[in-house]
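# Architecture and fold: a report
Below are the chains, spelled out letter by letter.
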Amino acid sequence: MPQQQKKSLVWSAGVIFTTTALLLSTTVYSDGGVKRITSGSHNDSNGEITRKVMDVVNKKTVTKPPNVPVRPIYKRGEVVKHTSKETGIWVTYQDGVYDITEFVDVHPGGERILLAAGQAIDPFWAMFSIHGTAETKELLETYRIGDLIPREHDETAQEEKNHGLDLLFANEPERDPSLRVLAPRPCNAEAALSSLDTFITPNEKFYVRNHLPVPDIDLETYRLTIEGPGIPEGFSLSLEELKKDFPRFSVMATLQCAGNRRKEMHEVQPVKGLQWQSGAISNAVWTGVRLRDVLEKAGYRVEDLSEPDFPHGIEHVVLDGAEGYGASIPIEKALSPRGDVVLAYEMNGEPIPADHGRPLRAVVPGHVAARSVKWLSRIELSDDESLSHWQQRDYKGFSPSADLASSDYSKSQSIQELPVQSSIIQPAPGEPLVVEDGFVTVKGYAISGGGKAINRVDVSKDGGKTWSDAQLTIPPQRRGRTWAWTKWEAKLPVGNETEFEIVCKAVDEAYNTQPDSFAGVYNVRGVLVSAWQRMKTKIVKDN
């Protein structure tokens, strides 16, 4: 089987039961709730899992189901009896019955009770859209053993209840009511514009972007596993070791979702994804240890960075979260003394909250927030990018003419650094501007990827015909390492106008600037939204 096809199938295999194996493989019952398994709770690792999945793929030819006229027909009362290796682990999806016993073995914790075993996986797949691909469904069909009798003809059918989903989300923390919730499960909530007025965003006001349920990690047994050349097999560090054995390091860094401002693009031409406005961004001070220091302590020769043939085949640092999310970053970013990648255990001087990665989050300044992996459990030095769905099949940009069907993820580069960006936070959409001493005040933020500083923010009151320079509040960081946003404020003169069309655009230190429209940057996934922001607002005289 060609290597590229194998990789595709490995990804599909990992996706098929992401929820089942999440649910399943990483949870155990405890006092009526769910206790998530940490990286130190089992001897397996995601690297070993990938190898096992590859073995399954190599042995199992993925083809379309044969045109067999008659398959065994099962009632739900029969399926529910198959919840263990002894009985076989069965699940249903739509009108099919599947024996996934062989597949569950490649996931950590597969020996434990599977929350979806003996039940329908439809509710989980409906919630986690990563399963909705042709490859995933095709691979699932290879485990099909029969058909499910229609519910109306099944006297064994019970009332459908989503207890498994409730248990899966049993560890969700309370959240600040100011957050604008776009999706409750998994939680996706943007910061209120008023919360972005301060330079440092309070922890409880910081936007939340969760791809999967929040895990409950035992801090006493937690260990971070590290794999790679020169690193002893089984090397791991406890949270206490990370705190005691390494110099503390702090960095102020703004994290921004790839889909920030997506709603504006959607209003011009429909896109797929959560309708983020301007609040999928926040700024914090992250404290922990440098990733570079940890890799050196583990045994990797970080000084090789200066050698001509570095990095000797190692191209990526794979970051895996305890809940099942994964991503990777270029090795150069991870090892650069000026890259400032931090494994953070504190956020704004407090233990990092559950929603933001407790006990440990990889914070990758200057890169899209999708690479700042929460609940970090494993690091691997690799010659390949992460095989995670979110690295392979998400967070990539496409031509304005590409649709979902024609978007070839295998040929598109993963998003790392984001383009220059700016947004208005005052006034809020629909809020009038009050004239004071002949002027109105407009405020916002600006940021560019890769640590580039903001040189200038231009603000217009007439749709871009004339411009005023905004006054900038810049972070105390060097150019090339400006990881935090710049705040801006513009005072615009008012004559006889009763309405303004406010426009803002930022220019970074390399003189990159924002495009004036979405025409050239439109993409069906609604990422990399960087066009001028426009807002029409009424003018209210001070008398």
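Before reading on, note that the structure itself is shown above.
Rules used throughout
Residues numbered from 1 in each chain as written. Predicted model: local features only at pLDDT ≥ 70, side-chain atom pairs only at ≥ 80, totals over all residues. Heavy atoms only, no water. Pairing = 2+ DSSP bridges. Helix = DSSP H or I, 4+ residues; strand = E, 2+ residues; numbered from the N terminus. Salt bridge = Lys/Arg side-chain N within 4 Å of Asp/Glu carboxyl O. Buried < 20%, exposed > 50% of the residue type's maximum accessible area, 1.4 Å probe, protein only. 1 Å grid on protein atoms, 1.4 Å probe; cavity = no way out; pocket = protein on both sides within 12 Å on 5 of 7 lines; lining within 4 Å. Points joined across faces, edges and corners; volume = space filled by probe spheres on them. Contact = heavy atoms within 4.5 Å. Polar contact = N/O pair within 3.5 Å; in protein donor to acceptor, adjacent residues only side chain to side chain. Core = buried A, V, L, I, M, F, W, Y, C linked by side-chain atoms within 4.5 Å. Nonpolar A, V, L, I, M, F, W, Y, C, P; charged D, E, K, R; others polar.

### Examining the sheet that holds strand β8 (residues 180-183)
- As summarised here, the arrangement of the three strands in space is β8-β9-β10, forming an open sheet in which the pairing is antiparallel. The sheet is open, and its two edges are formed by β8 and β10 (208-209), each paired on a single side.
- In this structure, strand β9 (residues 188-190) lies alongside β10, joined through two bridges in antiparallel fashion. The residue bridging A189 from the neighbouring strand is V208, located in β10.

### Section: the pattern of salt bridges
- Here the structure, examined in full by the defined rule, presents 31 salt bridges.
- Between E227 and R378 there is a salt bridge, with its nearest N and O atoms 3.3 Å apart. In this pair, E227 sits in strand β11 (residues 223-227) while R378 sits in strand β20 (residues 376-382), placing the two residues 151 residues apart along the sequence.
- Residue K411 pairs with D408 through a salt bridge whose shortest N-O separation is 4.0 Å.
- A single salt-bridge network, built from bridges that share partners, covers R71, D95, E141, R144 and D147.

### Side note on the pairing of β11
- Among the five residues that make up β11, four are buried, leaving the element largely enclosed by the rest of the structure.
- Relative to strand β12 (residues 236-238), β11 is paired through three bridges, and the arrangement is antiparallel. In the strand pairing of β12, L224 is matched with L237.
- Alignment of β11 against β20, held across three bridges, turns out to be parallel. By the bridge assignment, E227 is partnered in β20 with E380.

### Side note on the layout of surface pockets
- Taken as a whole, the second largest pocket encloses approximately 760 Å³ of empty space.
- Surrounding the second largest pocket, 31 residues form its lining, S129, I130, K272, D394 and R525 being those nearest its centre.
- If you list the elements that add at least two residues to the lining of the second largest pocket, you get α7 (134-141) and α13 (389-392).

### Section: the environment of L219
- With respect to the helices, strands and loops of the structure, L219 is situated in the loop between β10 and β11.
- With 20 residues separating them along the chain, L219 and L239 place their C-alpha atoms 7.2 Å apart.
- When neighbours within four sequence positions are excluded, L219 is seen to be in contact with L239, R358 and P359.

### As for the side chain of Q416
- By the element assignment, Q416 lies in the loop between α13 and β21 (421-426).
- Those residues in contact with Q416 that lie beyond four places of it in its chain are S328, I329, P330, G366, H367, V368, R371 and Q391.

### Thoughts on the side chain of N210
- Topologically, N210 is positioned in the loop between β10 and β11.
- At 2.6 Å, the side chain of N210 forms a polar contact with the side chain of K374.
- If near-sequence neighbours (up to four positions away) are discounted, N210 is found in contact with R175, P186, C187, N188, D355, K374 and W375.

### A word on the nonpolar core
- Ranked by internal contacts, the top residues of the largest apolar core, which has 68 residues, are I226, L343 and I379.
- No other element matches helix α11 (residues 291-298), which puts four residues into this core.
- Formed by 26 residues, the second largest nonpolar core is a distinct cluster that contains A191, Y207, I281 and W286.

### A look at empty space enclosed by the protein
- If you walk through the whole model with that rule in mind, you get four cavities of 30 Å³ or more.
- Looking at the largest cavity, its volume works out to about 150 Å³.
- Every residue lining the largest cavity is counted, 17 residues in all, and those nearest its centre are R209, H211, R361, A369 and K374.
- Grouping the amino acids of the lining of the largest cavity by side-chain chemistry returns 10 nonpolar, three polar and four charged.
- In this structure, the second largest cavity encloses a volume near 100 Å³.
- Lining the second largest cavity are 13 residues, and of these T254, G366, H367, L418 and I447 sit closest to its centre.
- The element contributing the most residues to the lining of the second largest cavity is strand β13 (residues 249-256), with three residues.

Note that every value here comes from positions in space, so none of it alone points to a role or purpose.
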